[in-house]
Amino acid sequence: MAMPESVPVSEAVGRTREVRKVALSGLLGTVIEYYDFLLYSTMAALVFGTLYFPGSSPAVSTIAAFGTLAAGYVARPLGGLVFGHFGDKLGRKSALVISMVLMGVASVLIGVLPTYSSIGLTAPVLLVLLRCVQGIAVGGEYGGAALMVIEHADARRRGTWVGIMQAGSPLGSLLSNGAVALVTLLPREDFVSWGWRIPFLASAVLLIIGLYVRLSVVESPLFRQAMEKAGEREPLPLLRVLRRPRAVLLACAAGIGPFAMTALIGSHSVAYAKGLGYDLPDIMRAHLLISLTGLIGIPLFSALSDRLGRRRVLLIGAAGAVLFAFPMYALLELRTVPAMIAALVIAQVFQNLMYAPLAPMLSEMFGTRVRYTGVSLGYQMASLIGAGFTPMIAATLVASTGGSSLPLSCIIVGAVGISIVSVLLVSETRGKDLAGS
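Calculation notes
Residues numbered from 1 in each chain as written. Predicted model: local features only at pLDDT ≥ 70, side-chain atom pairs only at ≥ 80, totals over all residues. Heavy atoms only, no water. UniProt positions renumbered as here; feature names shortened; annotations may be inferred. Helix = DSSP H or I, 4+ residues; strand = E, 2+ residues; numbered from the N terminus. Expected span 1.5 Å × (residues − 1). Buried < 20%, exposed > 50% of the residue type's maximum accessible area, 1.4 Å probe, protein only. Axes fitted to C-alpha atoms, helices over the stretch in contact; angles between N-to-C directions. Parallel < 35°, antiparallel > 145°, perpendicular 65-115°, else oblique. Left-handed = near helix turned anticlockwise from the far one by under 90°. Contact = heavy atoms within 4.5 Å. Nonpolar A, V, L, I, M, F, W, Y, C, P; charged D, E, K, R; others polar. Disulfide = S-S within 2.5 Å. Salt bridge = Lys/Arg side-chain N within 4 Å of Asp/Glu carboxyl O. Polar contact = N/O pair within 3.5 Å; in protein donor to acceptor, adjacent residues only side chain to side chain.

In the nomenclature of an unreviewed UniProt entry, the protein corresponds to MFS transporter from the organism Saccharopolyspora mangrovi. Its UniProt record, at the heading Subcellular location (unreviewed entry), says of the protein: "Cell membrane".

Colleague: Can you lay out helix 7 (residues 168-183) for me, pointing to particular residues and giving the numbers?
Modeller: Helix length check: helix 7 (16 residues) gives 22 Å between terminal C-alpha atoms against 22 Å at 1.5 Å per residue, within 8%. Summarising burial for helix 7: 12 of the 16 residues are buried, a large majority. Turning to helix 7, its buried residues number three or more, namely Gly168, Ser169, Pro170, Gly172, Ser173, Leu174, Ser176, Asn177, Ala179, Val180, Ala181 and Val183.

Colleague: Can you tell me about the packing of helix 7 against helix 13 (residues 280-308), naming the residues and giving the values?
Modeller: At a minimum axis distance of 8 Å, the contact between helix 7 and helix 13 shows a crossing angle of 165°. By the criterion of interaxial angle, the relationship of helix 7 to helix 13 is roughly antiparallel. Where helix 7 crosses over helix 13, the handedness of that crossing is left-handed. Facing helix 7, whose interface residues are Pro170, Leu171, Ser173, Leu174, Asn177, Gly178, Val180 and Ala181, helix 13 presents Met284, His287, Leu288, Ser291, Leu292, Gly294, Leu295 and Ile298. When the residues that make up the contact of helix 7 with helix 13 are grouped by side-chain class, the tally is 10 nonpolar, 6 polar and no charged.

Colleague: Would you mind going over unusual backbone geometry in detail, with residue names and values included?
Modeller: A positive phi angle, close to 60°, is found at arginine 335, a residue other than glycine. Along the chain, arginine 335 falls in the loop between helix 14 (310-332) and helix 15 (337-355).

Colleague: Please give an account of the state of the cysteines that cites residues and values.
Modeller: The tally for this structure, following the rule as stated, stands at 0 disulfides. No disulfide involves cysteine 252; its nearest neighbouring cysteine sulfur is the one of cysteine 132, lying 19 Å away. Judged by its relative accessible area of 10%, cysteine 252 falls in the buried class.

Colleague: Give a detailed account of the packing of helix 3 (residues 92-111) against helix 9 (residues 197-214), specifying residues and quantitative values.
Modeller: Running from amino to carboxyl end, helix 3 crosses helix 9 at an angle of 160°, the nearest separation of the two axes being 7 Å. One finds that helix 3 runs roughly antiparallel with respect to helix 9. Classified by chirality, the crossing of helix 9 by helix 3 is left-handed. Taken together, the residues of helix 9 that come into contact with helix 3 (itself represented by Lys93, Leu96, Val97, Ser99, Met100, Val101, Gly104, Val105, Ser107, Val108, Ile110 and Gly111) are Arg197, Phe200, Leu201, Ser203, Ala204, Leu207, Gly210, Leu211 and Arg214.

Colleague: Break down the pattern of salt bridges for me, citing the residues and quoting the values.
Modeller: Following the criterion strictly, the structure yields 9 salt bridges and no others. One salt bridge connects arginine 371 with glutamate 151, and the closest N-O pair in it is separated by 2.7 Å. Here the residue arginine 371 occupies a position in helix 17 (residues 371-388), and glutamate 151 occupies one in helix 5 (residues 122-152), the gap between them amounting to 220 residues. Look at arginine 371 and you get buried, because its relative accessible area is 0%.

Colleague: Please set out the side chain of serine 107 residue by residue, giving values where relevant.
Modeller: Looking at the secondary structure, you find serine 107 in helix 3. Among the residues examined, serine 107 registers a relative accessible area of 0% and is labelled buried. Side-chain polar atoms of serine 107 contact the side chain of glutamine 134, separated by 3.0 Å. Apart from the residues within four sequence positions on either side, serine 107 is in contact with Asp36, Gln134, Phe200 and Ser203.

Here is the structure:
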């Protein structure tokens, strides 16, 4: 991390070491959150409909399972508000530790949850409750982890450092898809009976590792400075954000497009590809490639936003997503594995271009005393609107139109269009001085 010449070398080295530790903590936290959160999404497409929402129609069961997926997204803004409030009032570090524990515990409990055949309606009720806990946890994680890195980093390299943290999203997805790919190698009866539980129980190991690293980092220096200057009767962070809602509304709108694409590429595409006749192992291998694409693309494009600007990188991805919305499903409908891989990987590149600049851009849109609340609220509302109900809506539209992909392409065009308009209304934030905010 480049430092001004007036900063002693030993101090510069110390700051670089600390921001690396914070970036690693953010990476591990994001890995855990997204491993658990996306694992649920995949299992909702594969087995939850049968195990927790049995019915005469597989399509209806799948739609019901995607409904519980939506419950997690509904809870994310609540988590953003709760953790944002305490993160802005009491500190980033403590809020992030609690969010990590909540996610890990909820996931392990899903792994031991009895099914409908064992305890009846109590099973889906508990599944929805645990999904909501997951949503609350991930709602508090992302904004705090991103701004924790950004508030430690040099202004010229915020995108680069936060890109390391954001790599936790595809890495968590990679681990999740890898775990699912392994357990789906089991005989179908074993997978449905007990094999699907193994990836949820494995999250306990990730939790222990993540907590060890997260507890070792220091609090954000910008937050400490802001606390020293804070008045005794400052209004609540949420009230300060809502008094001037333009920033949080634009932050929310900017994220709708990439989140809608995430929902269609990462979750609904599993059920859609199965409906087209693709074999499950081929689908899961394609999703492993999607995760690998994100693991490279997100850090690369986040760092690129330090050079080109947040807006430019995001708009390049948005233009590509709109142009590829219809060819993507045309490739899938060729019903060949290479075509499926090409469709999903290319779409993932455009999603990464839109997603990667979000964390630095949103963090630079809010002042230090309300940053956790503003970023979390904007980001999680975008996740709710863009991704929360998209798999369920997509599954319903496909079922009601006899399998047509036209509504799915229209969802991408509409959601990405909202992001384009919002980004055009946002001033470039790259290099903004956060110390004075």
